[in-house]
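# Commentary on secondary and tertiary structure
These are the residues of each chain, in order.
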Amino acid sequence: EDQVTQSPEALRLQEGESSSLNCSYTVSGLRGLFWYRQDPGKGPEFLFTLYSAGEEKEKERLKATLTKKESFLHITAPKPEDSATYLCAVQGFRSGSARQLTFGSGTQLTVLP
Amino acid sequence: EADIYQTPRYLVIGTGKKITLECSQTMGHDKMYWYQQDPGMELHLIHYSYGVNSTEKGDLSSESTVSRIRTEHFPLTLESARPSHTSQYLCASSPGRGVIGTQYFGPGTRLLVL
């Protein structure tokens, strides 16, 4: 069974204070690892897809990295508008999981001005 | 920019009523999904569809049913709503065949059953 664990559950940062969010996963063959941002009362917004260990992707102040066991979402010099819940999800090669994403419970990020 | 729509956005309804949550996408995606999400919790897949006339249940048991008569439309129906159905329901779609790939989400429907 695929599993995703995100840490910390909540993170409060001062504006400009860089940090990282962690996503640890267990999957029988990784097809892809996905990062989403979710604002309160809204659906998740796609950020990145990572397919293999060593891969990195960047978007504005966010950079996602991937190893064989975990992914990090690095936030550089965050701004208050980066406040949101960040979700990690995996898709595996196992027949059931090939049709589905397994989501973590997210990290709730608050950036204080 | 994903074009996927859900209505209503909010719904308060009494126990025993029949409800249908609408989901439409204009991207021509073959695959569509329904998730249930409680506050602070993971998204759980309750239904998915590979295309017209193709629907399957997800890992989370649900008393709801779905249909896929048209590519762009994937409604979810609860025949008799109960307070335990109170949750946020998220619809998503993804392009391509084979590998699922990126899923694009609608804004969600927040359901409260009294």
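In case you missed it, the structure is sitting above this.
Note that residues are indexed from 1 along each chain, following the sequence as it is written. Each chain takes a letter, starting from A, and each ligand takes a number, starting from 1, following the order in which they are written. With pLDDT at 70 or above as the cut-off, local features in this predicted model cover only qualifying residues; side-chain atom pairs require 80 or more to be listed or tallied, and sums for whole chains, interfaces and linings still use all residues. The side-chain values count all of the structure's non-hydrogen atoms but skip hydrogen atoms and water molecules.

### Side note on the overall build of chain A
Elements are defined by DSSP. Helices are runs of H or I of four residues or more, strands are runs of E of two residues or more, and each kind is numbered from the N terminus. The number of helices and strands found in chain A is zero helices and eleven strands. Along chain A, helices and strands appear, N-terminal first, in the series β-β-β-β-β-β-β-β-β-β-β. Each radius of gyration reported is based on C-alpha atoms, and the globular scaling rule is 2.2 Å times the count of residues to the power 0.38. Computed over C-alpha atoms, the radius of gyration of chain A comes to 14 Å, within 12% of the 13 Å expected from 2.2 N^0.38 for 113 residues, which places it in the range of a compact globule. Based on the C-alpha atoms only, the size of chain A along its principal axes is roughly 45 × 30 × 20 Å. With a 1.4 Å probe rolled over the protein chains alone, any residue whose accessible area is under 20% of its type maximum counts as buried; one over 50% counts as exposed, and the rest are partly exposed. Among the 113 residues that make up chain A, the fraction classed as buried is 45%. Any pair of residues with heavy atoms lying within 4.5 Å of one another is described as a contacting pair. Contacts in chain A between residues at least 24 apart in sequence constitute 56% of all its contacts with a sequence separation of at least 6. Accessible surface, chain A: about 5,300 Å² in total, of which carbon and sulfur atoms supply 47%. Distance from the positive charge centre (13 side chains) to the negative charge centre (14 side chains) of chain A: 6 Å. Only the protein chains shown count as cover for residues, with accessible areas throughout obtained via the Shrake-Rupley method and a probe of 1.4 Å. Think of it this way: Lys and Arg go in the positive column, Asp and Glu in the negative one, and His and the chain ends go nowhere. Charge coordinates come from a single atom per side chain, which is NZ of Lys, CZ of Arg, CG of Asp or CD of Glu.

### Let's talk about the pattern of salt bridges
Two side chains of opposite charge can pair, provided their charged atoms sit close to one another. Residue and element names in this part refer to chain A. Take a side-chain nitrogen of Lys or Arg and a carboxyl oxygen of Asp or Glu: if they are within 4 Å of each other, that pair is a salt bridge. Enumeration over the complete set of coordinates arrives at seven salt bridges over all chains. Of the charged contacts in the structure, one is a salt bridge between R37 and D39, with a shortest N-O distance of 3.1 Å. A salt bridge links E55 to K57; the shortest N-O distance between them is 3.8 Å. The exposure class of K57 is partly exposed, given its relative accessible area of 29%.

### Things to note about the interface of chain B and chain A
Contact residues are listed per partner, giving 25 residues for chain B and 19 residues for chain A. In this description, buried area is defined as the sum, over both parts, of the accessible area (probe of 1.4 Å) that is lost when the two are combined. For the pair chain B and chain A, the summed buried area comes to about 1,700 Å², and 52% of that belongs to carbon and sulfur atoms. Seen at the junction of chain B and chain A, the total is zero salt bridges. Residues adjacent in sequence count toward polar contacts only when both atoms are side-chain atoms; beyond that, a polar contact is any pair of N or O atoms within 3.5 Å, and within protein one must be able to donate a hydrogen and the other to accept it. On inspection of chain B and its partner chain A, the count reaches five residue pairs in polar contact (both at pLDDT 80 or more). Secondary-structure elements contributing two or more residues to the side of chain B that touches chain A are β4 (31-37), β5 (43-51) and β9 (87-94) of chain B. Ranked by the residues each element gives to the side of chain B that touches chain A, the list is headed by β5 of chain B, at four residues. Looking at the side of chain B that touches chain A residue by residue, the classes come out as twelve nonpolar, eight polar and five charged. Three classes are used: nonpolar for Ala, Val, Leu, Ile, Met, Phe, Trp, Tyr, Cys and Pro, charged for Asp, Glu, Lys and Arg, and polar for all others, with Gly counted as polar.

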